[in-house]
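Chain by chain, the residues:
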Amino acid sequence: MKPMRPLWLAIVLDCCCVLLFVIIGRASHVKGESAAGIASTAWPFLTGLAGGWLAARAWRRPFGLFPAGVGVWLGAVALGMVLRVVSGQGTAAAFIGVALAFLGLFLLGWRVVAGLAGRRL
């Protein structure tokens, strides 16, 4: 049986990436960093992240770039944007582009770094 630590580490890293995106975004628009404000902005993306984990079956290879990384990235953005629309939050084209770029860089980026570090060990 495989140890659970890599799975939980991947989940925590993915959630941290989404929360970093939300906190930086709220700070850049002077929305404030209250816990309630962060939660109201983060929940669609965290739900999308969970949907991406399920769709990609990311638990099989949580550190893998594909399908795990790509699945969680696209799930976080696509489902996150749909949930933002349903909940009455904005989804301007520029915001979608920024979300794709930032979350792609971070959700895929930590997996690339982990893969390179694993090869060197």
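Residues numbered from 1 in each chain as written. Predicted model: local features only at pLDDT ≥ 70, side-chain atom pairs only at ≥ 80, totals over all residues. Heavy atoms only, no water.

### Some thoughts on the nonpolar core
1) Next: Ranked by internal contacts, the top residues of the largest apolar core, which has 24 residues, are Phe21, Phe45, Leu49, Trp53, Leu103 and Leu107.
2) Next: Going through the elements one at a time, helix H1 (5–28), helix H2 (35–56), helix H3 (65–86) and helix H4 (93–120) are the ones with two or more residues in this core.
3) Next: If we ignore the near neighbours within four places in the chain, the residues touching Phe21 are Phe45, Phe95, Val98, Ala99, Phe102 and Leu103. (Core = buried A, V, L, I, M, F, W, Y, C linked by side-chain atoms within 4.5 Å. Buried < 20%, exposed > 50% of the residue type's maximum accessible area, 1.4 Å probe, protein only. Helix = DSSP H or I, 4+ residues; strand = E, 2+ residues; numbered from the N terminus. Contact = heavy atoms within 4.5 Å.)

### Some remarks on H1
1) Next: With 24 residues, H1 extends 34 Å between its outermost C-alpha atoms, agreeing within 8% with the 34 Å of an ideal straight helix rising 1.5 Å per residue.
2) Next: Residues of H1 that are buried: Leu7, Ala10, Asp14, Cys17, Val18, Phe21, Val22 and Arg26.
3) Next: Phi for Val30, located one or two positions after H1, is positive at around 50 degrees. (Expected span 1.5 Å × (residues − 1).)

### Digging into the side chain of Asp14
1) Next: Looking at the secondary structure, you find Asp14 in helix H1.
2) Next: Among residues more than four places away in sequence, those in contact with Asp14 are Leu49, Trp53, Val72, Leu107, Trp110 and Arg111.

### As for the packing of aromatic side chains
1) Next: Per the counting criterion, the structure on display carries six aromatic pairs.
2) Next: A connected cluster of aromatic rings, assembled from ring pairs, spans Phe21, Phe45, Phe95, Phe102 and Phe106. (Phe/Tyr/Trp six-rings, centres within 6.5 Å; stacked < 30°, edge-to-face > 60°.)

### Regarding the side chain of Arg26
1) Next: Among the structural elements, Arg26 can be located in helix H1.
2) Next: A distance of 3.0 Å separates polar atoms of two side chains, one belonging to Arg26 and the other to Thr41. (Polar contact = N/O pair within 3.5 Å; in protein donor to acceptor, adjacent residues only side chain to side chain.)

### As for the packing of H2 against H3
1) Next: It is at 6 Å that the axes of H2 and H3 come closest, and there the two elements cross at 140 degrees. In terms of orientation, H2 and H3 fall into the oblique class. Judged by the sense of rotation from one axis to the other, the crossing of H2 with H3 is right-handed. Mapping the contact onto sequence places Thr41, Trp43, Pro44, Phe45, Thr47, Gly48, Leu49, Gly51, Gly52, Trp53 and Ala56 in H2 and Pro67, Ala68, Gly71, Val72, Gly75, Ala76, Leu79, Gly80, Met81, Leu83 and Arg84 in H3. (Axes fitted to C-alpha atoms, helices over the stretch in contact; angles between N-to-C directions. Parallel < 35°, antiparallel > 145°, perpendicular 65-115°, else oblique. Left-handed = near helix turned anticlockwise from the far one by under 90°.)

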